[in-house]
Amino acid sequence: MIADPTALNAARRAADLAALAEGEPLDVVVIGGGITGAGIALDAASRGLRVALVEKHDLAFGTSRWSSKLVHGGLRYLATGNVGIARRSALERGILMSRNAPHLVRAMPQVVPLLPSMGRGKRALVRAGFLAGDALRMLAGTSSSTLPRSRRIGADRVVQMAPTVRRDGLDGGLLAYDGQLIDDARLVTAVARTAAQHGARVLTYVAASHATGTSVRLTDRRTGQSFDVSARAVINAAGVWAAEIDGLLRLRPSRGTHLVFDAAAFGNPTAALTIPIPGELNRFVFAMPEQLGRVYLGLTDEAAPGPIPEVPTPSADEVTFLLDTVNTALGVALGPADVIGAYAGLRPLIDTGEGRTADVSREHAVVESASGVISVIGGKLTEYRYMAQDVLDRAVGLRRLRAAKCRTHNLPLIGAPANPGAVDAGAGAGLPASLVQRYGAEAAKVVATAACKRPTEPVAEGIDVTRAEFEYAITHEGALDVSDIVDRRTRIGLVESDRERVLAVAEEFVARFG
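These figures come from a predicted structure and were not determined experimentally. (Residues numbered from 1 in each chain as written. Predicted model: local features only at pLDDT ≥ 70, side-chain atom pairs only at ≥ 80, totals over all residues. Heavy atoms only, no water.)

Undergrad: For this particular structure, what's the right way to read the overall build of the chain?
TA: For the chain, the helix and strand inventory stands at 15 helices and 20 strands. In terms of overall dimensions, the chain is globule-like: its C-alpha atoms have a radius of gyration of 22 Å, near the 24 Å expected for 514 residues. Structurally, the chain occupies a C-alpha span of about 70 × 55 × 45 Å along its principal axes. Expressed as a percentage of contacts within the chain between residues at least 6 apart in sequence, the contacts between residues at least 24 apart total 71%. When the accessible area of the chain is evaluated, it comes to approximately 19,800 Å², of which 53% is carbon and sulfur surface. One way to put it: in the chain the 58 positive side-chain charges average out to a point 6 Å from where the 54 negative ones average out. (Helix = DSSP H or I, 4+ residues; strand = E, 2+ residues; numbered from the N terminus. Rg over C-alpha atoms; globule rule 2.2 N^0.38 Å. Contact = heavy atoms within 4.5 Å. Areas by Shrake-Rupley, 256 points an atom, 1.4 Å probe, with all protein chains shown as cover. Lys, Arg positive; Asp, Glu negative; His and termini not counted. Charge placed at Lys NZ, Arg CZ, Asp CG, Glu CD.)

Printed below as a string of structure tokens:
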């Protein structure tokens, strides 16, 4: 009997692996532990299906931890005439913000400064786009109390929200709102734990190979043990690595790069500074305030042909492009010395054969191979729940699975408050605000279940991650090693100097609680 059905840890992993090795019957095996795979596992388990999710690395190891941490409302896709994806994005954003994960997704103000370099035509296009975004929000049924309406603001307000903005010739700004995740990897972990709560077996560091429509070979990468499992449906959600499972799939990865700054370099902004990319109709660079006192600057969209690296790296040209673009809107010049970290991720785009990757559709596709493996490719983080529902509906039909209807529209994730209107209230008086932001209604539990000394003390001076969070990552969130803790359950590892300062603490916790 599992004491806490939401807890992922080494003991549960061992028990789940043993059950599968002994031939426990399965309805669905999901390959891939990113946001799409976790979403499929949750959808399947919540419909009453027997499901196992396997991931060859850690949860959110790939693309799902390298995003802009945004839950887009689809405005960009509306500008390109892709009304379907725009509408779905707005709907899915509303579901996340109001029902699934209001503790993890909040309204992010984004300011477009009206500078002399931005002509009347461009200003009118941006304003029209923001108004269209308001219409999408209303169409999706998302209230203005969740996502405020867009509006024009004065120069003083722009400077207040983005203190390092260029002030000469500043003619106010355009203000709009979108959804922002406290962290993308935290969303994956919450979805996976919610799937586990519904009975899914969630197994990290387990590689899948020799997949067919009804079987797959699993290899425990920690012990080397291999065994075959059978299931009525095998679903490939391996993202940019999907072709390793089905060699006939054709993907065209594109690289998106972000730079990491100390928030002080941008004057500790309270809004995302949003800068149109010169010569582009509907692409912007964003300088977004983030947790741990940082600002992330992104985003690029570059073709990434060739072998898929486990951890992509930004190119020098991308770093230069991002700095040059943001400096067009700043009163201070930022340079490479101001960059304290950087990361890049690969989008698993469907290969359409031509054009720039920036123009390739973000639609997803569900494909059944000749072997019977069902793959889901393409798509975007915002639509993970819809993608999961789509592929599960297809699997249920193809394999005649006896399953309930999809429940995830209204299914709160671990940490979601009982009253969505009180996300920050009642999580525990006296707890660090950063802890509540990351864990929502679970924040008090993180501290209450801690066996370590000084649970609310930071893991290092100046880093607002507590010792209890390191312990909880191991005892409840499936972290098995130091990198799982430092690079994915927390994002301390994005800044190498910070990473070095907490490694010994993380090693101590793995040794004691792992």
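After that view of the structure, there is still more to cover.
Undergrad: I would appreciate a short explanation of the pairing of strand 1 (residues 26–31) in the present structure.
TA: Remark: a regular strand shows side chains that alternate across the two faces of the sheet. Of all six residues in strand 1, six are buried, a share of seventy percent or more. In this sheet, strand 10 (residues 226–236) lies alongside strand 1 in parallel orientation, the contact comprising five bridges. Of the residues in strand 10, the one forming a bridge with Leu26 is Ala231. The pairing of strand 1 with strand 2 (residues 51–55) spans four bridges and is classified as parallel. Directly across from Val30, in strand 2, lies its bridge partner Leu53. With respect to chirality, the unit in which strand 1 leads through helix 2 (residues 35–46) into the neighbouring parallel strand 2 is right-handed. (Buried < 20%, exposed > 50% of the residue type's maximum accessible area, 1.4 Å probe, protein only. Pairing = 2+ DSSP bridges. Right-handed = clockwise from strand over helix to strand, strands pointing away.)

Undergrad: Would you mind showing me how to read the side chain of Arg88 here?
TA: Relative to the helices and strands, Arg88 resides in helix 4 (residues 83–100). Ignoring anything within four residues of it in the chain, the contact list for Arg88 reads Glu363, Glu383 and Tyr386.

Undergrad: Help me out: how do you make sense of the packing of helix 2 against helix 7 (residues 184–197) in this one?
TA: Two quantities define a packed helix pair, namely the angle between the axes and the distance from one axis to the other. Following both chains from N to C, one finds helix 2 and helix 7 inclined at 25°, their axes separated by 8 Å at the closest point. The angle between helix 2 and helix 7 places the two elements in the roughly parallel class. As helix 2 packs across helix 7, the resulting crossing turns out to be left-handed. Across the interface between the two elements, Ile35, Ala38, Gly39, Ala41, Leu42 and Ala45 from helix 2 touch Leu187, Val188, Val191, Ala192, Thr194 and Ala195 from helix 7. (Axes fitted to C-alpha atoms, helices over the stretch in contact; angles between N-to-C directions. Parallel < 35°, antiparallel > 145°, perpendicular 65-115°, else oblique. Left-handed = near helix turned anticlockwise from the far one by under 90°.)

Undergrad: Any chance you could explain the domain arrangement of the chain here in plain terms?
TA: Reports often express the size of an interface as the amount of accessible area lost when the parts come together. For the chain, the domain assignment lists domain 1 (10–64 + 185–248 + 360–410), domain 2 (79–181), domain 3 (251–350) and domain 4 (433–513). One C-alpha centre belongs to domain 1, the other to domain 2, and the line joining them spans 34 Å. Facing the 16 residues of domain 1 at the interface are 13 residues of domain 2. A buried area of about 1,300 Å², summed over both sides, lies between domain 1 and domain 2, and 57% of it is on carbon and sulfur atoms. It is Leu187, Thr382 and Glu383 in domain 1 that bury the most area against domain 2; as a group they hold 33% of the surface buried on that side. Connecting domain 1 to domain 2 are two salt bridges. Note that Arg88 and Glu383 form a salt bridge whose closest N and O atoms lie 3.4 Å from each other. At the junction of domain 1 with domain 2, the criterion picks out six residue pairs in polar contact (both at pLDDT 80 or more). (Domains from an automatic or database assignment. Buried area = accessible area lost by both parts, 1.4 Å probe. Salt bridge = Lys/Arg side-chain N within 4 Å of Asp/Glu carboxyl O. Polar contact = N/O pair within 3.5 Å; in protein donor to acceptor, adjacent residues only side chain to side chain.)

Undergrad: Got a minute to help me understand the packing of aromatic side chains in this structure?
TA: By convention here, two paired aromatic rings are described through the distance between centres and the angle between planes. Using the criterion set out here, one finds seven aromatic pairs in the structure. Here the aromatic rings of Tyr439 and Tyr472 are separated by 5.8 Å at their centres, their planes lie at 85°, and the arrangement is edge-to-face. A residue pair is termed long-range when its members are at least 10 positions apart, and Tyr439 in helix 11 (residues 433–439) and Tyr472 in helix 13 (residues 467–475) qualify at 33 residues. Here Tyr472 falls in the buried class, since its relative accessible area comes to 1%. Aromatic side chains Phe470 and Phe509 sit 6.1 Å apart centroid to centroid with 85° between the ring planes, which places their arrangement in the edge-to-face category. Residue Phe470 is found in helix 13, and its partner Phe509 is found in helix 15 (residues 496–513); the two are separated by 39 residues along the sequence. You can call Phe470 buried: its relative accessible area is 0%. An aromatic cluster of at least three residues, connected via ring pairs, comprises Trp66, Tyr296 and Tyr343. The positively charged end of Arg65 is found above the aromatic ring belonging to Phe61, 4.9 Å away from the centroid. Between the NZ or CZ atom of Arg186 and the centre of the ring of Tyr439, over which it lies, the distance is 4.3 Å. (Phe/Tyr/Trp six-rings, centres within 6.5 Å; stacked < 30°, edge-to-face > 60°. Lys NZ or Arg CZ within 6 Å of the ring centre and 35° of its normal.)

Undergrad: Explain the pattern of salt bridges here, please?
TA: Side chains that differ in sign of charge can pair as their charged atoms come close. The final tally for this structure, using the stated rule, is 34 salt bridges. For the salt bridge of Asp498 with Arg294, the shortest nitrogen-to-oxygen distance reads 3.2 Å. A residue pair is termed long-range when its members are at least 10 positions apart, and Asp498 in helix 15 and Arg294 in strand 14 (residues 294–298) qualify at 204 residues. A residue is classified by how much of its surface remains accessible, and Asp498, at 15% relative accessible area, is buried. A residue is classified by how much of its surface remains accessible, and Arg294, at 4% relative accessible area, is buried.

Undergrad: Whenever I open this one, the nonpolar core confuses me. Can you help?
TA: Soluble globular proteins tend to pack their nonpolar side chains together in the buried interior. Judged by nonpolar contacts, the single largest core of 80 residues is most densely connected at Ile40 and Leu187. Here this core takes eight residues from helix 7, the largest share from any one element. Contact partners of Ile40, with chain neighbours within four places excluded, come to Val30, Ile235, Ala237, Val376, Ala388, Val391 and Leu392. Within the second largest apolar cluster, 28 residues are counted, among which are Val436, Val446, Val486 and Phe513. (Core = buried A, V, L, I, M, F, W, Y, C linked by side-chain atoms within 4.5 Å.)

Undergrad: Hey, could you run me through helix 7 in this one?
TA: Turn by turn, an α-helix covers 3.6 residues, leaving residues three or four places apart pointing in a common direction. Its 14 residues place the ends of helix 7 20 Å apart at the C-alpha level, agreeing with the 20 Å of an ideal helix rising 1.5 Å per residue. Burial analysis of helix 7 places 13 of its 14 residues in the buried class, the great majority of the element. Measuring from the side-chain oxygen of the N-cap residue of helix 7 to the backbone nitrogen of Ala185 gives 3.1 Å; that N-cap residue is Asp183. Once helix 7 ends, the next one or two residues include Gly199, with phi positive near 105°. (Expected span 1.5 Å × (residues − 1).)

Undergrad: Please explain the layout of surface pockets as it appears in this structure.
TA: Over the atoms rolls a probe the size of a water molecule, and in doing so it shows where empty space is left. In this structure, the second largest pocket spans a volume of roughly 330 Å³. Lining of the second largest pocket is provided by 15 residues; of these, Arg106, Gln180, Ile182, Pro289 and Gln437 occupy positions nearest its centre. Elements with a minimum of two residues in the lining of the second largest pocket: strand 4 (105–113), strand 6 (173–181) and strand 13 (284–290). Among the elements that take part in the lining of the second largest pocket, strand 4 stands out by supplying four residues, more than any other. Class assignment of the residues belonging to the lining of the second largest pocket gives a composition of nine nonpolar, four polar and two charged. Each of domain 2 (79–181) and domain 3 (251–350) gives at least three residues to the lining of the second largest pocket. (1 Å grid on protein atoms, 1.4 Å probe; cavity = no way out; pocket = protein on both sides within 12 Å on 5 of 7 lines; lining within 4 Å. Points joined across faces, edges and corners; volume = space filled by probe spheres on them. Nonpolar A, V, L, I, M, F, W, Y, C, P; charged D, E, K, R; others polar.)

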